[in-house]
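Working through the structure, step by step
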Amino acid sequence: MSAGLKLRKAVEENNPLQVMGTITAYAARMAEQVGHKAVYLSGGGVAANSLGMPDLGISTAEDLLVDIRRITDVCSLPLLVDIDTGFGGAFNIARTTRSLIKAGAAGFHMEDQVAAKRCGHRPNKEIVSQQEMVDRIKAAVDARTDENFVIMARTDALGVEGMQSAIDRSNACLEAGADMIFPEAMSKLEDYKYFREHVNAPILANITEFGQTPLFSCEELGEQGVDIVLYCCGAYRAMNKAAETFYRDVLEKGHQRDVVEIMQTREELYNYLGYHEYEQKLDQLFAEGKEK
Ligand SMILES: C[C@](O)(C(=O)O)[C@H](CC(=O)O)C(=O)O
């Protein structure tokens, strides 16, 4: 079953589907083993984690592809990827689409911001015309080499032009062949319901911390008709806070004894990695040589 089909099935079977942001291959392994059904690669996450840069359209498709391949190599869950504005014109979007499929991604979301984009929860966003966004979607649909690969249109119009524009843009994208819709930065719970009633396709709610959207629960969102709940950066933020605590504590105290309790143990790490199985394999493979 292709990754895209896996994602479509997961959306159908889970109401709503929780999609977990996993910034690294190891985090994806953890999310899978904890029991999640789908994972996500955040554009802001790649910029911050892999490049040490802000989410302002600085990363390239190749930056993303490196992280995608690492994740799909070790995690069998469908991976949804944030491709910002698609990394250029129609031919670039086509290339991005094909490269993501080859790298094993299940789908992407592409947005209607201008190329010099901002995080969706920041002020002063600018969006391209509806026609330009429709052309972006058409380029991706036309380039798709797996018809089940999910093309999700993200619209940042709500905070710029209002609800009606977000609905109109989403419907235009669906007509152009998009499969799912991501209305960015909703602030009211009932807006999801209204939006879903006017957009006949699965919709994603991005429940990102410290942004415009309150931390609605999965149950509350499900009641509004939301199909997918995205936790794009939560685990990453938690990891970063823990790392910062470690750095500060060791600097201040000259030892790490007080922060050991917030750490994952060596054994836990090894279990997620299958370290002991690897070791056994190594011993089996080279047993003969050792006996001599
Ligand atoms: C979804 C998002 O594009 C991301 O990069 O993960 C960001 C998340 C965030 O900044 O909290 C977004 O623009 O919403």
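For clarity, every value in this text was computed on a predicted model and none was experimentally measured.

**Side note on the domain arrangement of the chain**
Each domain of the chain was delimited in the assignment, giving domain 1 (3-233) and domain 2 (240-287). Summarising the inter-unit geometry, the C-alpha centres of domain 1 and domain 2 are found 32 Å apart. Facing the five residues of domain 1 at the interface are seven residues of domain 2. Between domain 1 and domain 2 the total buried area reaches about 510 Å² when both faces are included, carbon and sulfur atoms providing 53% of it. Together, Tyr26, Arg29 and Gln33 form the three largest contributors to the area buried by domain 1 at its contact with domain 2, with a combined 77%.

**A few points about the pattern of salt bridges**
Tallied over the full model, the rule gives 20 salt bridges. Between Lys125 and Asp156 there is a salt bridge, with its nearest N and O atoms 3.0 Å apart. Of the two residues, Lys125 is situated in the loop between β4 (107-111) and α6 (130-143) and Asp156 in the loop between β5 (150-155) and α7 (158-161); the sequence distance between them amounts to 31 residues. By relative accessible area, Asp156 is classed as buried at 0%. Across the salt bridge formed by Asp179 and Arg144, the nearest N and O atoms sit 2.9 Å from each other. Of this pair, Asp179 sits in the loop between α8 (163-175) and β6 (180-183) while Arg144 sits in the loop between α6 and β5, and the two are 35 residues apart along the sequence. We classify Asp179 as buried; its relative accessible area is 17%.

**Re the UniProt feature "binding site: Mg(2+)" (unreviewed entry) in the chain**
Per the UniProt entry, the sites bearing "binding site: Mg(2+)" (unreviewed entry) are Asp82 and Asp84 in this numbering. Note that Asp82 resides in strand β3 (residues 79-82). The residues touching Asp82, leaving out its near neighbours within four places in the chain, are Tyr40, Leu41, Ser42, Gly43, Gly44, Leu64, His109 and Glu111. Relative to the helices and strands, Asp84 is located in the loop between β3 and α5 (90-102).

**Describing the site of the ligand**
The local shell around the ligand holds 16 residues, among which Ser42, Gly44, Gly120, Glu184 and Thr208 are the closest. Side-chain polar atom of Ser42 to an oxygen atom of the ligand: 2.7 Å apart, as the coordinates give it. Within the side chain of Glu184, a nitrogen or oxygen atom sits 2.5 Å from an oxygen atom of the ligand. For the ligand, whose unbound accessible area comes to 350 Å², protein coverage reaches 95%. Looking at the shell around the ligand, its residues break down into four nonpolar, seven polar and five charged.

**Points about α5**
For α5, spanning 13 residues, the distance from its first C-alpha to its last is 19 Å, which sits close to the expected 18 Å at 1.5 Å a residue. The inward-facing, buried residues of α5 contact α4 (61-74), β3, β4 and α6. Of the residues one or two after α5, Gly104 is the one with positive phi, at around 95°.

**Considerations on the environment of Ile58**
Looking at the element boundaries, Ile58 is found in the loop between α3 (43-51) and α4. Spatially, the C-alpha atoms of Ile58 and Ala47 are 7.3 Å apart, while their sequence positions differ by eleven residues.

**Side note on the sheet that holds strand β1 (residues 17-21)**
Strands in a sheet are paired, the pairing made by backbone hydrogen bonds, and the direction either parallel or antiparallel. Spatially, eight strands are ordered β6-β5-β4-β3-β2-β1-β8-β7 in an open sheet, and the strand pairing comes out parallel. The open sheet terminates on both sides in strands that have one partner only, identified here as β6 and β7 (204-206). Averaged over all neighbouring strand pairs, the angle between strand axes comes to 25°, with direction disregarded. Across three bridges, the pairing between β3 and β4 is parallel. Following the sheet pairing, Val81 is matched in β4 by Phe108.

**What about the packing of helix α2 (residues 25-34) against helix α12 (residues 266-273)?**
Interaxial distance between α2 and α12 falls to 9 Å at its minimum, and their mutual angle equals 85°. The orientation of α2 relative to α12 falls into the category roughly perpendicular. Contacts between α2 and α12 involve Tyr26, Arg29, Met30, Gln33 and Val34 from the former and Glu268, Leu269, Asn271, Tyr272 and Leu273 from the latter. The class makeup of the residues in the contact of α2 with α12 is six nonpolar, two polar and two charged.

**A closer look at the side chain of Asp84**
Assessed through its relative accessible area of 7%, Asp84 is described here as buried. Side-chain polar atoms of Asp84 contact the side chain of Lys117, separated by 3.3 Å. The residues touching Asp84, leaving out its near neighbours within four places in the chain, are Gly43, Asp55, Gly57, His109, Met110, Glu111 and Lys117.

Rules of the game
- Numbering of residues begins from 1 in every chain and follows the order in which that chain's sequence is written.
- Residues qualify for local features only when their pLDDT is at least 70, as the model is predicted, and side-chain atom pairs are given and counted only at 80 or more; totals for whole chains, interfaces and linings, by contrast, use all residues.
- No hydrogens and no water enter the side-chain calculation; it runs on all heavy atoms of the structure.
- Where each domain begins and ends follows an automated or database-derived domain assignment.
- For this analysis, residues touch if any pair of their heavy atoms sits within 4.5 Å.
- Buried area counts how much accessible surface, traced with a 1.4 Å probe, disappears from two parts once they are put together, with both parts' losses summed.
- The working definition used for a salt bridge is a side-chain nitrogen of Lys or Arg within 4 Å of a carboxyl oxygen of Asp or Glu.
- By the criteria applied, helices consist of DSSP H or I runs no shorter than four residues and strands consist of E runs no shorter than two, each listed in order from the N terminus.
- Relative accessibility under 20% of the residue-type maximum defines a buried residue, over 50% an exposed one, and the middle range a partly exposed one, all with a 1.4 Å probe and only protein chains included.
- UniProt positions are given in the numbering used here, feature names are shortened, and annotations may be inferred rather than shown by experiment.
- Nearness of a residue to a molecule or strand requires only that one of the residue's heavy atoms be within 4 Å of it.
- Pairs of N or O atoms within 3.5 Å make up the polar contacts considered here, provided that, within protein, one atom can donate a hydrogen while the other can accept it, and that residues adjacent in sequence are counted only when both atoms are side-chain atoms.
- With residues, only the protein chains shown are counted as cover, and all accessible areas are computed by Shrake-Rupley using a 1.4 Å probe.
- Throughout this entry, Asp, Glu, Lys and Arg are counted as charged residues, while Ala, Val, Leu, Ile, Met, Phe, Trp, Tyr, Cys and Pro are counted as nonpolar. The remaining residues, Gly among them, count as polar.
- The length a helix should cover is 1.5 Å for every residue beyond the first.
- For two strands to pair, DSSP has to find at least two bridges joining them.
- Throughout, an axis means a line fitted to C-alpha atoms (over the contacting stretch in the case of helices), and angles, computed between N-to-C directions, take values from 0 to 180 degrees.
- Should an angle fall under 35 degrees it is taken as roughly parallel, and over 145 as roughly antiparallel, whereas 65 to 115 is taken as roughly perpendicular and any remaining angle as oblique.

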